[in-house]
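Breakdown of the fold
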Amino acid sequence: MVTSMRQLAVNQRGCISAVTASGELGRRIRDMGLVPGTQLMVVGRAPLADPVAVRMKGFTLSLRNSEADFISVEAL
Amino acid sequence: MAQTIRVAVSGQPNCGKSTMFNAITGGSARVGNYPGITVDRLEGIYRENGHISQLVDLPGTYSLTSYSMEELVARNVIVDEHPDVVINMMDATALERSLYLAVQLMEIGAPLVLGLNMMDEVRRSGVTIDVDKLSQLLGVPVVPCVARLGQGRKELMQAVAETADRTQGKWTPFRLSYGPDLDPILERMSRAIEDAQFLTGRYDPRWLAVKYLENDEQVLAEGAKAGATHDALLALCAEAEAVTRKNSATTPDAIIADWRYGFINGLIKQGVVRGSDALRRNNSDAIDKIVTHKLLGPLIMLAVLYGMFLVTFTLGAYPQGWIEKGFEWLGEMGTTYIPEGYVQSLLVSGIIGGVGSVIGFTPLICIMFAMLVFLEDLGYMARVAYMLDRVLRIFGLHGMSVMPLIMSGGIPGGCAVPGVMCARTLRSPRERLATILTAPFMVCGAKTTAYLMLVAAFFPDNPTRAMFFVVLAAWAFVLLVSKLLRSTMIRGESTPFVMEIPPYRLPTLRGVLLHTWERVWQYVKKAGTVILAVSILMWAVMTFPELPEDTVAQYDTQKEQAAEQVKAAHPDAGEEELATLTEDAQKEIEDAQNEAALKYSTAGRVSEALTPLTNLAGFPWQANIALIGAFAAKEVFVSTMATAYSMGKVDPEEPESLSERLAADPAWSLPAVLSVFAFMLLYTPCMVTVVVIARESNWKWATFSVVGSLCFAFVVSVLIYQVGTALLT
């Protein structure tokens, strides 16, 4: 099932199917390794539920929910 | 054979690049600035076996696009300074992401040496990295390192020397395939570039073509100026976009990133890494369960921030006190040994007083930076940003803005100088600027003395509540003004937050000390020179012109008369007793003379000339002149008020008697009091802060800070006074 990354619950895993952001945001997202085919797991959310912390490629990344909206994931 | 190898050290943030740079260069590193921007440029030297290597430390970047100042600087140093070898430090625990930068460096073509850092952590987590295999697949030397322990330093520099010998300064750009959609177009673009000799003096044709497809702002701007080939290339870019949109519903830059990561993935899958699980949680994730917990997280954060604040300003108070005592002593020596006159007055009141106030801050900066560097290197500041981002984003700020705001006086007693300086941790330029420009509104230590005096005068019944209200107002103004700035002057999308949360790593003592020292020295050097000049200016403005001779003569006569009266009244007093009594009797006259002199000076005249304007805001003339003086340092407010209320010298720590005088002056109506309160909070930062703002941004923004704050403060004060007066009558 493909959803937006925002929908993933803590401890849920997913695999990126598409990144639809463009411009600076798109570049930054891709630079950090969020490209299609990447497996990830949500490891936490900030106290106000935003931003979200994601484990991937051996490191932890955080991004805002509004940024996660541009990333579609196949929930695993 | 002695030859100099020019080496650039690159790497992603948190990869241990600076640690390795320091390990290689020892104490030889020197900080400079890249011209026109505030990114530090560190340079150092390494000698071994007759080779001399000149190293320059590039800013940490994840990639080599042109979106941030750091990336642009890193790229331009490589392109323009054409180093003989580029060292790329990599975080081996995040090998894939680290290789993303390495591949881009290979595409530029600079001879590369890879330093695979954090190998101890990799081993501990049970992962094996086949270094030889990686080196063979990339065709680049790879050296395993543990920078924290200095391991791999020699081997790395050995590889640098060998690479320099082998390549002899010749660059061979690596040609990465970007797939069937883009490769043919890239080919056509490269050929067009070569045929027209389009920017080939600076860039490799194929690299330039890739940058065009990536829509790189800097390269496009340069190309637009360089000639007609630019349009031909743009047409080809449009063609490429049409193809990628049709075949994979995305843009060329996305395809490029995908293929780069695809290439890296392919490398790793050939047996470079064994036993890894990219999604496995590490110890840091376990710690973060508590440190970023919904309830505990904010509590711990408050405790840490408050603790830092407390340590900075309680511990720092001791050395600050010593330094101030030292300068006081110096001032006394000046008063004693230099004959009375302009030279003495200039040296003692102007130079020693002014420079002393600047040097007095250095202990605070030392302590604050040491702790900040520690928390930053530990990885805690990233967690703070993560937790607070949601709140600060509403006002156009960034999670990282909280530290500068608190340091500046978000808890009263801070200081905007270290506050503005620690805004460096912000990687987003717009948010950083908004933070720097608004942080001086906070209630710094100097403003606190002024407020204590004013509060004691006008709100004696409930001073605590009044102070609390002042602090709340400061926070409200900071947030509202940054919102205002971010929707006008510094408008623009918020910079993407996308941020690595690095694993907790204990920083090295050496690294912390080195970084702290660099900052402090720069502060002393830069701030010292400008402030010396402004101190002299402020002194002159408050001293000249002097009272005309006949006026001075009148005061002298009065003093003599007073002395004679005292003598007459106490015919049998001893010499010593008589001297004390005379001094007491003359004090009032001297105070009156000081008041007259201040009124007569340029500062006094300016404040007099400003009265029609400041009457709108209801300032009494004494406040006018004190506010002008307080530009030098906000503490001056209290002492100038004292002179203006002809009280002679008042100890800023114990201003009760001045408060009584103020309370008795009918010019201070409630609206006038509130209006001065607001003005004090919002107007021009003190000169030390202005200099630091200029250093951290540029003089344009520093000027804006001076003029903008002044106008804003005036408007707010006038509003408060006029509305207040209308309501009360």
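Since we're looking at a predicted model, the values are computed, not measured. (Residues numbered from 1 in each chain as written. Chains lettered and ligands numbered in written order. Predicted model: local features only at pLDDT ≥ 70, side-chain atom pairs only at ≥ 80, totals over all residues.)

Points about the overall build of chain A
From N to C terminus, chain A includes two helices and six strands. Counting from the amino terminus, helix and strand elements in chain A follow one another as β-β-α-β-β-β-α-β. Overall, chain A is about 30 × 25 × 25 Å in size when its C-alpha atoms are taken along their principal axes. Across chain A, contacts joining residues at least 24 apart in sequence account for 52% of those joining residues at least 6 apart. (Helix = DSSP H or I, 4+ residues; strand = E, 2+ residues; numbered from the N terminus. Contact = placed C-beta atoms within 7 Å.)

Quick word on the overall build of chain B
A count of helical and extended segments in chain B gives 33 helices and 10 strands. Counting every position in chain B, which comprises 729 residues, the buried fraction comes to 44%. Considering only intrachain contacts with a sequence separation of at least 6, the fraction spanning at least 24 residues in chain B is 72%. (Buried ≥ 20, exposed ≤ 12 C-beta atoms within 10 Å, placed from the backbone.)

Looking at unusual backbone geometry
Cis geometry marks the peptide bond from Asp50 of chain A to Pro51 of chain A; its omega dihedral reads 0°. Within the secondary structure layout, Pro51 of chain A lies in the loop between β3 (39-45) and β4 (52-56). Cis geometry marks the peptide bond from Phe544 of chain B to Pro545 of chain B, where omega comes out at -10°. Tracing the sequence through the fold places Pro545 of chain B in the loop between α23 (509-543) and α24 (549-569). Phi angles above zero are rare outside glycine, and His82 of chain B is one such case at about 45°. With respect to the element layout, His82 of chain B can be found in the loop between α2 (69-81) and β5 (85-91). Even without glycine at this site, Met118 of chain B takes up a positive phi of about 65°. Turning to its location among the elements, Met118 of chain B is positioned in the loop between β6 (112-117) and α4 (119-124). Residue classification places Met118 of chain B among the buried residues on the basis of 26 C-beta atoms within 10 Å.

Structural notes on the environment of Val688 of chain B
Relative to the elements of secondary structure, Val688 of chain B occurs in helix α32 (residues 687-696). Here the alpha-carbon distance between Val688 of chain B and Ala632 of chain B, two residues 56 residues apart in the chain, equals 7.7 Å.

What to know about the interface of chain B and chain A
At the interface, 36 residues of chain B touch 36 residues of chain A. Of all the elements in the fold, those that place two or more residues in the side of chain B that touches chain A are α3 (95-108), α11 (252-272), α12 (283-291), α13 (296-315), α17 (380-393) and β10 (499-501) of chain B. Broken down by element, the side of chain B that touches chain A gets its largest block of residues, five residues, from α11 of chain B. Per-class residue counts for the side of chain B that touches chain A are 18 nonpolar, seven polar and 11 charged. Where strand β5 (residues 59-63) of chain A and β10 of chain B come together, three bridges link them in antiparallel fashion. Among the inter-strand pairings, Thr60 of chain A is bridged to a residue of β10 of chain B, identified as Ile501 of chain B. (Nonpolar A, V, L, I, M, F, W, Y, C, P; charged D, E, K, R; others polar. Pairing = 2+ DSSP bridges.)

Regarding the packing of helix α31 (residues 670-682) of chain B against helix α33 (residues 699-728) of chain B
All names here are of chain B. Close contact between α31 and α33 brings their axes to 8 Å; oriented N to C, the two are set at 165°. Classed by the angle they form, the pair α31 and α33 counts as roughly antiparallel. Judged by the sense of rotation from one axis to the other, the crossing of α31 with α33 is right-handed. Residues Leu670, Pro671, Ala672, Leu674, Ser675, Ala678, Phe679 and Leu682 of α31 form the contact with α33, whose participating residues are Ser709, Phe712, Ala713, Val716, Ser717, Ile720, Tyr721, Gly724, Thr725 and Leu728. For the contact of α31 with α33, a count of residues per class yields 13 nonpolar, five polar and no charged. (Axes fitted to C-alpha atoms, helices over the stretch in contact; angles between N-to-C directions. Parallel < 35°, antiparallel > 145°, perpendicular 65-115°, else oblique. Left-handed = near helix turned anticlockwise from the far one by under 90°.)

What about the domain arrangement of chain B?
Domain annotation for chain B reports domain 1 (3-167), domain 2 (179-274) and domain 3 (546-600). Between the C-alpha centres of domain 1 of chain B and domain 3 of chain B there is a distance of 72 Å. (Domains from an automatic or database assignment.)

Notes on helix α16 (residues 362-378) of chain B
Counting along an α-helix, one turn takes 3.6 residues, and residues three or four places apart therefore face a common direction. Residues and elements named next belong to chain B. With 17 residues, α16 should cover 24 Å at 1.5 Å per step; its first-to-last C-alpha distance of 24 Å lies within 8% of that length. A large share of α16 lies buried, amounting to 15 of its 17 residues. Within two residues after α16, Gly379 carries a phi angle of roughly 105°, on the positive side. (Expected span 1.5 Å × (residues − 1).)

Some words on the sheet that holds β5 of chain A
Adjacent strands of a sheet pair through backbone hydrogen bonds, lying either parallel or antiparallel. Spatial ordering of the open sheet is given by β1(A)-β6(A)-β2(A)-β3(A)-β4(A)-β5(A)-β10(B), a layout of seven strands whose pairing is antiparallel. The sheet terminates laterally at β1 (2-4) of chain A together with β10 of chain B, the two strands that pair on one side only. Taken over all neighbouring pairs, the strand axes of this sheet differ in orientation by 45° on average, direction set aside. By the bridge criterion, five bridges tie β4 of chain A to β5 of chain A in an arrangement that is antiparallel. Looking at β5 of chain A, one finds that Arg55 of chain A is bridged to Thr60 of chain A. Lying on the sheet, α17 of chain B is in contact with β4 and β5 of chain A together with β10 of chain B; it crosses β10 of chain B at an angle near 120°.

Overview of the packing of helix α5 (residues 131-138) of chain B against α11 of chain B
All names here are of chain B. In the contact formed by α5 and α11, the axes pass within 10 Å of each other and the chain directions differ by 140°. By the angle between their directions, the pair α5 and α11 is classed as oblique. At the point where α5 passes α11, the crossing takes the right-handed sense. Contacts from Lys133, Leu134 and Leu137 of α5 reach α11 at Leu267, Gln270, Gly271 and Val272. A per-class count over the contact of α5 with α11 returns four nonpolar, two polar and one charged.

Side note on the confidence of the model for chain B
Residue and element names in this part refer to chain B. Taken residue by residue, chain B gives an average pLDDT of 86. The fraction at 70 or more is 95%. Mean pLDDT across the secondary structure elements of chain B bottoms out at strand β2 (residues 30-33), with 66, and peaks at strand β8 (residues 142-144), with 97. Prediction confidence for the complex, expressed as pTM and ipTM, is 0.81 and 0.96 respectively. (pLDDT = per-residue confidence, 0-100.)

A look at the environment of Trp259 of chain B
All names here are of chain B. Relative to the assigned elements, Trp259 resides in helix α11. We classify Trp259 as partly exposed; it has 19 C-beta atoms within 10 Å. When the C-alpha positions of Trp259 and Tyr178 are compared, they lie 5.6 Å apart, and in sequence the two are 81 residues distant. With sequence-adjacent residues up to four places away left out, Trp259 is seen in contact with Leu176, Ser177, Tyr178 and Gly179.

Here's the deal with the pairing of β6 of chain B
In regular strands, side chains alternate between the two faces of the sheet. Residue and element names in this part refer to chain B. Counted residue by residue, β6 has six buried out of six residues, so it is predominantly covered. Here β6 shows a buried face lined by Leu112, Leu114 and Leu116 and a second buried face lined by Val113, Gly115 and Asn117. Sheet analysis places β5 next to β6, joined by six bridges and oriented parallel. Residue pairing for β6: Met90 is matched across the bridge by Leu116. Tracing the backbone out of β5, into α3 and back to the parallel element β6 gives a crossover that is right-handed. When β6 meets β8, the two strands line up parallel, connected through three bridges. (Right-handed = clockwise from strand over helix to strand, strands pointing away.)

Observations concerning the pairing of strand β4 (residues 51-57) of chain B
Residues and elements named next belong to chain B. Where strand β1 (residues 3-11) and β4 come together, seven bridges link them in parallel fashion. The residue of β4 that forms the bridge with Ala8 is Val56. Sheet topology places strand β3 (residues 40-48) next to β4; seven bridges connect them, and they run antiparallel. Across the sheet, the residue bridging to Arg47 is Ile52, located in β4.

Quick word on α31 of chain B
Residues and elements named next belong to chain B. Counted at 1.5 Å a residue, the expected span for α31 with its 13 residues is 18 Å, and the 19 Å between its end C-alpha atoms agrees. The element α31 is largely enclosed, with a buried count of 11 among its 13 residues. Taken residue by residue, α31 has Pro671, Ala672, Val673, Ser675, Val676, Phe677, Ala678, Phe679, Met680, Leu681 and Leu682 as its buried positions.

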